[in-house]
Amino acid sequence: MAPHENRPTRCCGARNAYPRLARADSLNPFEGKILTIARCFFQTFACPAGQTWIESFRMADKLFASDYAAQYAFGTLNIVQTMRVARNSTFKFSNPLCPGCASLLTHSERQLTSALAAVRTGQRSTAHIHAMLLTEGNDPQPMLRAMHTLCDFATQRQQMNNPVASTGAV
């Protein structure tokens, strides 16, 4: 069997969508990195033959410290999977393999990153609202737990890497 290569595809309409969609570069770096990993998982579920899940782990390795990349990828997959199980409709996402499209946020991606940001910053009500929209009124708790787990892991890694900032010392 010949090796499969995921080459960037040509733009699938980013120029026409630009006025209507937010820019991915407006995200907090953490949410932006997690979205990048999640998009590869979304692409895997949309086109299983492409095996883009492999790209998710490669991206995690590129975006986070190698020692913890797999945990970030796995945590992201848990969020994606809990959301998939709760939803009835298709999650709309930008093509992670198209540089033009990947620079734009769909409405669904904006909800996902907003929920993640709200969990990360301790805004429980806001996180719950975004999660309810993402799960289409179904139980948002499994997805919120997966988000909390990932955010807690990231906070622990940050505190380990910057002990002065985590103690409040200046």
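Each remark here, short or long, concerns the structure printed above.
These numbers come from a predicted model, not from an experiment.

Asks: I keep staring at the side chain of Glu109 and nothing clicks. Help me out?
Replies: Its place among the elements puts Glu109 in helix α6 (residues 107–120). Side-chain polar atoms of Glu109 contact the backbone nitrogen of Thr106, separated by 2.9 Å. Non-local contacts of Glu109, meaning those with residues more than four positions away in its chain, are made with Leu35, Arg39, Phe91, Lys92, Phe93, Ser94 and Leu104.

Asks: Would you explain the pattern of salt bridges in this entry?
Replies: Two side chains with opposite charge may pair up if their charged atoms get near one another. Summed over all chains, the structure comprises four salt bridges. Notably, a salt bridge pairs Arg39 with Glu109, separated by 2.6 Å at the nearest N-O pair. One end of the pair, Arg39, is in helix α2 (residues 29–46); the other, Glu109, is in helix α6, with 70 residues separating them in the sequence. By the burial criterion, Arg39 is buried, and Glu109 matches it. The shortest N-O distance in the salt bridge between Glu136 and Arg87 comes to 3.5 Å. Of this pair, Glu136 sits in the loop between α7 (124–134) and α8 (141–161) while Arg87 sits in the loop between α4 (69–86) and α5 (99–102), and the two are 49 residues apart along the sequence. What makes Glu136 partly exposed here is its relative accessible area of 31%.

Asks: Explanation requested: the packing of aromatic side chains in the structure shown.
Replies: Each aromatic ring pair is specified by the distance between its two centres and by the angle formed by the two planes. Evaluation of the coordinates by the stated rule reveals eight aromatic pairs. Taking 4.5 Å as the distance between ring centres and 35° as the angle between the ring planes, the aromatic pair formed by Phe42 and Phe91 counts as tilted. Placement of Phe42 in helix α2 and of Phe91 in the loop between α4 and α5 is noted, with a sequence separation of 49 residues between them. The burial state of Phe42 is the same as that of Phe91; both residues are buried. The interplanar angle of 70° and the centroid separation of 5.1 Å between the aromatic rings of Tyr72 and Phe153 together place this pair among those described as edge-to-face. Remark: Phe153 occurs in helix α8 and Tyr72 occurs in helix α4; sequence separation between them is 81 residues. For Tyr72, a relative accessible area of 6% puts it in the buried group. Judged by its relative accessible area of 16%, Phe153 falls in the buried class.

Asks: Looking at this structure, I do not really get α6. What am I missing?
Replies: Note on helix geometry: an α-helix contains 3.6 residues per turn, so any two residues three or four positions apart are oriented the same way. Between its first and last C-alpha, α6 extends 20 Å over 14 residues, near the 20 Å set by a 1.5 Å rise per residue. Of all 14 residues making up α6, 10 are buried, and the element is well covered by its neighbours. For α6, the complete set of buried residues consists of Ser108, Glu109, Gln111, Leu112, Thr113, Ser114, Ala115, Leu116, Ala118 and Val119. Against the buried residues of α6 lie α2, α4, β2 (104–105), α7 and α8. Just beyond α6, the residue with positive phi is Gly122, at close to 75°.

Asks: It is not clear to me how the packing of α2 against α4 should be interpreted in this structure. Could you clarify?
Replies: How two helices pack is summed up by the angle between their axes together with the distance between the axes. Interhelical geometry of α2 versus α4 gives an angle of 60° and a closest axis separation of 9 Å. Judged by the inter-axis angle, α2 sits oblique to α4. Crossing hand, α2 versus α4: right-handed. Along its contact with α2, which presents Phe30, Ile34, Ile37, Ala38, Phe41, Phe42 and Phe45, the element α4 presents Tyr72, Ala73, Thr76, Leu77, Val80, Gln81, Met83 and Arg84. Of the residues contributing to the contact of α2 with α4, the split by class is 12 nonpolar, two polar and one charged.

Conventions adopted
- Residues numbered from 1 in each chain as written.
- Predicted model: local features only at pLDDT ≥ 70, side-chain atom pairs only at ≥ 80, totals over all residues.
- Heavy atoms only, no water.
- Helix = DSSP H or I, 4+ residues; strand = E, 2+ residues; numbered from the N terminus.
- Polar contact = N/O pair within 3.5 Å; in protein donor to acceptor, adjacent residues only side chain to side chain.
- Contact = heavy atoms within 4.5 Å.
- Salt bridge = Lys/Arg side-chain N within 4 Å of Asp/Glu carboxyl O.
- Buried < 20%, exposed > 50% of the residue type's maximum accessible area, 1.4 Å probe, protein only.
- Phe/Tyr/Trp six-rings, centres within 6.5 Å; stacked < 30°, edge-to-face > 60°.
- Expected span 1.5 Å × (residues − 1).
- Axes fitted to C-alpha atoms, helices over the stretch in contact; angles between N-to-C directions.
- Parallel < 35°, antiparallel > 145°, perpendicular 65-115°, else oblique.
- Left-handed = near helix turned anticlockwise from the far one by under 90°.
- Nonpolar A, V, L, I, M, F, W, Y, C, P; charged D, E, K, R; others polar.

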